[in-house]
Amino acid sequence: MRRKEPLYRSVNTRTHGVRHPSGEYRWSRRRDDHTGQGAMHGKTRRGRDYTPLFRFLLSHVGDDWDAVHAEAVSRLDSPEPIFWIVALTESERKPIVLTGESTFFSGLYVDDANRLALVDPDLRIERLKPGCACCTHTFNGKPFVLKYQEDPV
């Protein structure tokens, strides 16, 4: 039996000019002397793109959550990214979730019948407006339809 593809991609983090948001290195080293924090050990995992996971989850809306969750976990390095767009409680539900600088996905939750569901099934890409003109804004992997328009002052 062939193993299924993982639900994440490795991102090249060694290329010249690739920047990852974090505090400056010089401010993080040797901090254990003053604040009790460890030296040079970040908690952020870098080099992963979870877009395949988010598309997988969206393609299984309406399916049994236990089966979807089990398959997703078996194809991930960590189960944490699942819950970036899947809300476990009603207070965590958001109709749209920002997963990158200009990358948006539909928010998901598990309904009373233990099925994966959209928080806002009426949300459409045609209604979303980009926040700036310099980025390509996407919703569920597709570019926004509307163009950026500066608000009149």
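Residues numbered from 1 in each chain as written. Predicted model: local features only at pLDDT ≥ 70, side-chain atom pairs only at ≥ 80, totals over all residues. Heavy atoms only, no water.

What to know about the overall build of the protein chain
Thought 1: Summing up its helical and strand segments, the protein chain has 3 helices and 9 strands in all.
Thought 2: Each helix and strand of the protein chain, ordered N terminal to C terminal, gives the series β-α-β-α-α-β-β-β-β-β-β-β.
Thought 3: When burial is assessed residue by residue, the protein chain has 25% of its 153 residues classed as buried.
Thought 4: Pairs at least 24 residues apart make up 52% of the contacts formed inside the protein chain by residues separated by at least 6 positions.
Thought 5: A total of about 11,400 Å² of accessible surface is found on the protein chain, and carbon and sulfur atoms cover 48% of it. (Helix = DSSP H or I, 4+ residues; strand = E, 2+ residues; numbered from the N terminus. Buried < 20%, exposed > 50% of the residue type's maximum accessible area, 1.4 Å probe, protein only. Contact = heavy atoms within 4.5 Å. Areas by Shrake-Rupley, 256 points an atom, 1.4 Å probe, with all protein chains shown as cover.)

Quick word on the packing of aromatic side chains
Thought 1: What the rule picks out here adds up to 6 aromatic pairs.
Thought 2: Pairing Tyr8 with Tyr50 gives two aromatic rings, centres 6.0 Å apart and planes at 55°, and the pair type is tilted. Residue Tyr8 is located in the segment before strand 1 (9-10), and its partner Tyr50 is located in the loop between strand 2 (48-49) and helix 2 (51-59); the two are separated by 42 residues in the primary sequence.
Thought 3: Of the residues examined, Tyr50 reaches a relative accessible area of 7% and is grouped as buried. (Phe/Tyr/Trp six-rings, centres within 6.5 Å; stacked < 30°, edge-to-face > 60°.)

So, the pattern of salt bridges
Thought 1: Summed over the entire model, instances satisfying the criterion amount to 4 salt bridges.
Thought 2: Where Lys4 meets Glu71, a salt bridge forms, and the shortest distance between an N and an O atom there is 3.1 Å. Of this pair, Lys4 sits in the segment before strand 1 while Glu71 is found in helix 3 (residues 65-74), placing the two residues 67 residues apart along the sequence.
Thought 3: The salt bridge partner of Arg75 is Glu71, with a shortest N-O separation of 2.9 Å.
Thought 4: According to the relative accessible area criterion, Arg75 is buried, its value standing at 16%.
Thought 5: Salt bridges sharing common partners tie together Lys4, Glu71 and Arg75. (Salt bridge = Lys/Arg side-chain N within 4 Å of Asp/Glu carboxyl O.)

Description of the packing of helix 2 against helix 3
Thought 1: Helix 3 packs onto helix 2 with a crossing angle of 165° between their chain directions and a minimal axis gap of 11 Å. By the criterion of interaxial angle, the relationship of helix 2 to helix 3 is roughly antiparallel. Relative to helix 3, the crossing made by helix 2 is right-handed. From helix 2, Leu53, Phe56 and Leu57 reach across to helix 3, where they touch Val68, Glu71 and Ala72.
Thought 2: Classifying every residue of the contact of helix 2 with helix 3 gives 5 nonpolar, no polar and 1 charged. (Axes fitted to C-alpha atoms, helices over the stretch in contact; angles between N-to-C directions. Parallel < 35°, antiparallel > 145°, perpendicular 65-115°, else oblique. Left-handed = near helix turned anticlockwise from the far one by under 90°. Nonpolar A, V, L, I, M, F, W, Y, C, P; charged D, E, K, R; others polar.)

Re the pairing of strand 5 (residues 103-106)
Thought 1: Here strand 4 (residues 96-98) pairs with strand 5 via 3 bridges, running antiparallel. What sits directly across from Ile96, in strand 5, is Ser106.
Thought 2: Adjacent in sequence and paired antiparallel, strand 4 and strand 5 are bridged by 4 residues. (Pairing = 2+ DSSP bridges.)

Remarks on the nonpolar core
Thought 1: Among the nonpolar cores identified, the biggest contains 17 residues, and Leu53, Leu57, Ile82, Ile85, Val86 and Leu116 are the most heavily contacted of them.
Thought 2: Secondary-structure elements contributing two or more residues to this core are helix 2 and helix 3.
Thought 3: Sort the elements by how many residues they give to this core and helix 2 lands first, with 4 residues.
Thought 4: When residues no more than four places from it in sequence are discounted, the contact partners of Ile85 are Phe54, Leu57, Val97, Thr99, Phe105, Ser106, Gly107 and Leu108.
Thought 5: Leu123, Ile125, Leu128 and Phe144 belong to the second-largest nonpolar core, a separate cluster that totals 6 residues. (Core = buried A, V, L, I, M, F, W, Y, C linked by side-chain atoms within 4.5 Å.)

Some remarks on helix 3
Thought 1: For helix 3, the full list of buried residues reads Trp65, Val68 and Ala72. Along the long axis of helix 3, the arc covered by the buried residues comes to 70°, so they all point the same way. (Arc of directions from axis to C-beta.)

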